Amino acid sequence: MTRFQTLSIIGAGAWGTALAAVAARAGRDVTLYARDADHAARIAAARENPRLPGIPLAGGIAITADLVRAARADAVLIVVPAQHLRGAVMHLAPLLRPRTPLIACAKGIEHGTHKFMTEIIAEAAPSAIPAILSGPSFADDVARGLPTAVTLAAPDEVQAADLVQALGSPTFRPYHSTDVRGVEIGGAAKNVLAIAAGIVSGRNLGASALAALTTRGFAELVRLGRAYGARSETLTGLSGLGDLILTCAGPQSRNFAAGLALGRGASPPAGKLAEGQYTAPVLVELAASRGVEMPVAQAVAAILSGAVTIDAAIEGLMMRPFKAEQ
């Protein structure tokens, strides 16, 4: 029997609902929390989330708008946007039992503070155990039970391994790690780089350009990770290279779709949150504070702020001084 038989998912969007399905397939007792009571009632009545149409919820998943009830679980996955994580954790913290694992499932860096997701949890819920779940995973694929592998990192290896046992199933394979910061850097950086990949595709610059952009973007991700002491196997693993490959592959990625629209001179898709749009300026500031060069990320941040045009940014990248590959 796993140490974590009861699991709650805070956030009933597409990804939160997909993770509820994961936990149910793993044989856990699952509660899915929706902040909006009407949204919770609709999901409970239809046994389907309108944000994941055509995918029925397993009968054992309880839907609630009662945060007190959701907080009683053995472990909690918090699935809210990165910039809203602190507020959500502050509401949840006084309701949790001491030493409850609180697993962040967002990929980003907080504006203003430059804090990563587990740092926010440690500050806002000091009695909880912070962890992070990240890797190449689209909500629709995961909800449908298509084969997926991700990384789950926590400071303590035994704790991380136990959480993996609680979530793993024949269709969802989590790997455990203690390289929390490496996992978080991969998730944050790849969102920004996926916007760049979308811009390249939107501008019809060709497959060669997309491959070059993805490769040089990965080099930036690695440089930043190394500056924070991340392990090589984390950066080249599922939460680094793996997630970058997925999010640079096509418009099913919200970040790629946002870049694609920009490249075509259109507005990003309405109602589709692309975390990379908020992460880009913070990532650049973070890199600068560590003396890390990230020209692709800098170009994305400049484009998003309106400081440069897309064509000028591309020209600036191509006209950088020639140097050895590293």
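Residues numbered from 1 in each chain as written. Predicted model: local features only at pLDDT ≥ 70, side-chain atom pairs only at ≥ 80, totals over all residues. Heavy atoms only, no water.

## Some details on the overall build of the protein chain
At step 1: Helix and strand counts for the protein chain come out as 15 helices and 8 strands.
At step 2: Compactness check: the protein chain gives a C-alpha radius of gyration of 19 Å against a globular reference of 20 Å for 326 residues, within 12% of the reference.
At step 3: For the protein chain, the spread of C-alpha atoms along the principal axes amounts to about 55 × 40 × 35 Å.
At step 4: Expressed as a percentage of its 326 residues, the buried residues of the protein chain come to 55%.
At step 5: The long-range fraction of contacts in the protein chain, counting pairs at least 24 apart against all pairs at least 6 apart in sequence, stands at 69%. (Helix = DSSP H or I, 4+ residues; strand = E, 2+ residues; numbered from the N terminus. Rg over C-alpha atoms; globule rule 2.2 N^0.38 Å. Buried < 20%, exposed > 50% of the residue type's maximum accessible area, 1.4 Å probe, protein only. Contact = heavy atoms within 4.5 Å.)

## Details of the pattern of salt bridges
At step 1: Using the criterion set out here, one finds 14 salt bridges in the structure.
At step 2: Put simply, R216 and E325 hold a salt bridge, and the shortest N to O gap is 3.9 Å. Separated by 109 residues along the polypeptide, R216 in helix α9 (residues 207-227) and E325 in the segment after α15 (310-318) bring together distant segments of the chain.
At step 3: Judged by its relative accessible area of 68%, E325 falls in the exposed class. (Salt bridge = Lys/Arg side-chain N within 4 Å of Asp/Glu carboxyl O.)

## Side note on helix α13 (residues 275-289)
At step 1: The end-to-end C-alpha distance of α13, which contains 15 residues, comes to 21 Å, matching closely the 21 Å that a straight helix rising 1.5 Å per residue would cover.
At step 2: Roughly 30° is the biggest bend found in α13, and it falls at P281.
At step 3: Within α13 the residues assigned to the buried category are E275, G276, T279, A280, V282, L283, V284, L286 and A287.
At step 4: On its buried side, α13 packs onto α8 (180-202), α9, α12 (254-263) and α14 (295-305). (Expected span 1.5 Å × (residues − 1). Bend = angle between axes of the 7 residues up to and from the residue.)

## Notes on the environment of P81
At step 1: Along the chain, P81 turns up in the loop between β4 (75-78) and α4 (85-92).
At step 2: Separated by 27 residues in the primary sequence, P81 and G108 have C-alpha atoms spaced 8.3 Å apart.
At step 3: Contacts of P81, omitting those with residues within four sequence positions, involve A106, L273 and E275.

## Some thoughts on the UniProt feature "active site" (unreviewed entry) in the protein chain
At step 1: Summarizing the sequence annotation, UniProt attributes the feature "active site" (unreviewed entry) to K190 in the numbering used throughout.
At step 2: Along the chain, the position of K190 falls in helix α8.
At step 3: Residue K190 is classed as buried on the basis of its relative accessible area, which comes to 4%.
At step 4: Apart from residues lying up to four places away in sequence, K190 is in contact with K107, L221, D243, L244 and T247.
At step 5: Separated by 2.6 Å, the side chains of K190 and N191 make a polar contact. (UniProt positions renumbered as here; feature names shortened; annotations may be inferred. Polar contact = N/O pair within 3.5 Å; in protein donor to acceptor, adjacent residues only side chain to side chain.)

## Comments concerning the packing of α8 against α9
At step 1: Viewed as axis vectors pointing N to C, α8 and α9 meet at an angle of 160°, and their least axial separation amounts to 10 Å. On the basis of their axis angle, the class for α8 and α9 is roughly antiparallel. As for how α8 packs across α9, the hand of that crossing is right-handed. Facing α8, whose interface residues are I185, G186, A189, K190, L193, A196, A197, V200 and S201, α9 presents A209, L210, L213, G217, F218, E220, L221, L224 and G225.
At step 2: Its residues assigned to classes, the contact of α8 with α9 comprises 12 nonpolar, 4 polar and 2 charged. (Axes fitted to C-alpha atoms, helices over the stretch in contact; angles between N-to-C directions. Parallel < 35°, antiparallel > 145°, perpendicular 65-115°, else oblique. Left-handed = near helix turned anticlockwise from the far one by under 90°. Nonpolar A, V, L, I, M, F, W, Y, C, P; charged D, E, K, R; others polar.)

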